[in-house]
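Results of the structural survey
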Amino acid sequence: MRSWLFICMCGMALSGVAQLVTANLPERIDTAEHYLFYLHDRILQEQGVSAVSDEHGTYEYMKILHTFASNGFHVISQPRDKGTTVSGYARRTANQILTLLQNEVPDSKISVIGAGMGAEIAVEVAQIVKEPSVSYVFMGLCDPKVLIRYQTLRGEIYGRFLSIFDVADSCGSCRELFLPLAAGSIYHEVVLSKGMGEGLYYKPLIEWVRPAMYWAVHKELPELISQTSDSLRNEVKKK
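Residues numbered from 1 in each chain as written. Predicted model: local features only at pLDDT ≥ 70, side-chain atom pairs only at ≥ 80, totals over all residues. Heavy atoms only, no water.

Considering unusual backbone geometry
Backbone geometry follows two general trends: most residues other than glycine have a negative phi, and most peptide bonds adopt the trans configuration. In this structure, the amide linkage connecting L179 to the following residue, P180, adopts the cis form with an omega of 5°. Examined against the element boundaries, P180 turns out to sit in the loop between α6 (175-178) and β10 (186-192). Despite not being glycine, E104 has its phi angle at roughly 70°, a positive value. The backbone of K130 sits at a positive phi, close to 55°, despite the residue not being glycine. By the secondary structure assignment, K130 is in the loop between α4 (117-129) and β8 (135-139). (Helix = DSSP H or I, 4+ residues; strand = E, 2+ residues; numbered from the N terminus.)

Considering the layout of surface pockets
The space that makes up the second largest pocket amounts to roughly 210 Å³. In this structure, the second largest pocket is lined by 16 residues; those nearest its centre are D41, G116, M117, E120 and G140. Elements supplying a minimum of two residues to the lining of the second largest pocket: α1 (42-47) and α4. Grouping the constituent residues of the lining of the second largest pocket by class yields seven nonpolar, three polar and six charged. (1 Å grid on protein atoms, 1.4 Å probe; cavity = no way out; pocket = protein on both sides within 12 Å on 5 of 7 lines; lining within 4 Å. Points joined across faces, edges and corners; volume = space filled by probe spheres on them. Nonpolar A, V, L, I, M, F, W, Y, C, P; charged D, E, K, R; others polar.)

Structural notes on the packing of aromatic side chains
Aromatic rings in a pair are described by how distant their centres are and how their planes are angled relative to each other. Taken as a whole, this structure holds twelve aromatic pairs when the rule is applied. Both rings, one in F68 and one in F73, keep their centres 6.4 Å apart while their planes meet at 80°; by these two values the pair is edge-to-face. Both residues of the pair, F68 and F73, belong to the buried class. The rings of Y38, Y61, F68, F73 and W208 are connected pair by pair, giving a single aromatic cluster. (Phe/Tyr/Trp six-rings, centres within 6.5 Å; stacked < 30°, edge-to-face > 60°. Buried < 20%, exposed > 50% of the residue type's maximum accessible area, 1.4 Å probe, protein only.)

Okay, here's the thing in structure tokens:
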């Protein structure tokens, strides 16, 4: 895998210092940082960082990373090599999270955001780590094949889970995957009406970025907008 480092000097929302995007954990782990793992979709694994979909356009990977870093997160992400498996990369990411926990980083300061294949990886990370206070955001996850593949994990996936999906995406609600919840875990979802399908997460759009960041920091969203669908407000206001 390639090793690279992107330094973002503009984000000071969480820790008050220059923020980073790194491919791996830093040599010196700062327990005051909020570590955010971003796991991209399969198209980057196949095409690289300049990936372009005929249907959805450019996957703005670096802009997505910059957006999180500029809001104060220490982002850990890298383009995966072709042929990387979901389970193999999940073990790698889970080991990084376990290393942070062993170095006394609070579980409340660890978040995982996955899109498409990256969301599948995030599910397996949660199953390995088993820490209910680590937050996870999934986008473009729950199509019928994924629900069947992970049905044996129901009740064994620990964390604070937020699913975000577009009404035009073939991947819909993840309730069937996460309910019943494992002990200490929570699940919510945000349903957006952009009409973009999986193209929603190709760009750092405020409609998904804002609730994802709020969830990462607060582990909750302020208020429900629909008791019938359990959808959550997509314009999240700070407390």
